[in-house]
Amino acid sequence: QAARLASLGQSIGAAIAQTGIPSFAAKAAEDQLRHLGRRRLDKLYDWVLQLNMDLRGNSVLPPRTLFESFLLKLARKNPAA
């Protein structure tokens, strides 16, 4: 949710505060969001929704394959690749 708010123009710090992430975890969450970058953050929400639908029967692939594909999307520098 913080990623979605940040992609809509909120600062990362404000987005994290608004989502209710505990203060002890806010710095780590902010570091992670900065590491992912804007391009991946813009796609993150859609990727999570697609993973959820696929795990609930929208795909014939095994769950492990679905999770690995999701992680590869996160790891790539260019989300369109």
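Here, the structure is the one placed above.
Overview of the structure. Bear in mind that the values here come from a model prediction, so they are computed numbers and not experimental data. (Residues numbered from 1 in each chain as written. Predicted model: local features only at pLDDT ≥ 70, side-chain atom pairs only at ≥ 80, totals over all residues. Heavy atoms only, no water.)

1. Focus on helix α3 (residues 23-58)
Helix length check: α3 (36 residues) gives 36 Å between terminal C-alpha atoms against 52 Å at 1.5 Å per residue, more than 12% under. For α3, the principal kink sits at Gly 37 and spans about 105°. Next to the buried residues of α3 lie α1 (2-7), α2 (12-19) and α4 (63-75). (Helix = DSSP H or I, 4+ residues; strand = E, 2+ residues; numbered from the N terminus. Expected span 1.5 Å × (residues − 1). Bend = angle between axes of the 7 residues up to and from the residue. Contact = heavy atoms within 4.5 Å.)

2. Side note on the packing of α2 against α3
Put simply, α2 and α3 touch, their axes get as near as 10 Å, and they point 130° apart. It follows that α2 is oblique to α3 by the angle criterion. For the element pair α2 and α3, the recorded crossing hand is right-handed. Within the contact between the two elements, α2 uses Ile 12, Gly 13 and Ile 16 and α3 uses Ala 26, Ala 29, Glu 30, Leu 33 and Arg 34. Residues belonging to the contact of α2 with α3 are distributed by class as follows: five nonpolar, one polar and two charged. (Axes fitted to C-alpha atoms, helices over the stretch in contact; angles between N-to-C directions. Parallel < 35°, antiparallel > 145°, perpendicular 65-115°, else oblique. Left-handed = near helix turned anticlockwise from the far one by under 90°. Nonpolar A, V, L, I, M, F, W, Y, C, P; charged D, E, K, R; others polar.)

3. Some words on the nonpolar core
Among the nonpolar cores identified, the biggest contains 17 residues, and Ile 16, Leu 33, Leu 41, Leu 44, Phe 70 and Leu 74 are the most heavily contacted of them. Listed by contribution, the elements that provide at least two residues to this core are α1, α2, α3 and α4. The leading source of residues in this core is α3, at seven residues. (Core = buried A, V, L, I, M, F, W, Y, C linked by side-chain atoms within 4.5 Å. Buried < 20%, exposed > 50% of the residue type's maximum accessible area, 1.4 Å probe, protein only.)

4. Describing the pattern of salt bridges
According to the stated counting rule, one finds three salt bridges in the structure shown. Across the salt bridge formed by Asp 31 and Lys 27, the nearest N and O atoms sit 2.9 Å from each other. Here Lys 27 and Asp 31 lie together in helix α3, a separation of four residues that amounts to about one turn. Relative accessible area serves as the criterion here: at 55%, Lys 27 is assigned to the exposed category. Taking the shortest distance from any N to any O, the salt bridge between Glu 30 and Arg 34 comes out at 2.7 Å. Of this pair, Glu 30 and Arg 34 both sit in helix α3, four residues apart, which is roughly one turn of that helix. Judged by its relative accessible area of 23%, Glu 30 is partly exposed. Of the residues examined, Arg 34 reaches a relative accessible area of 52% and is grouped as exposed. (Salt bridge = Lys/Arg side-chain N within 4 Å of Asp/Glu carboxyl O.)

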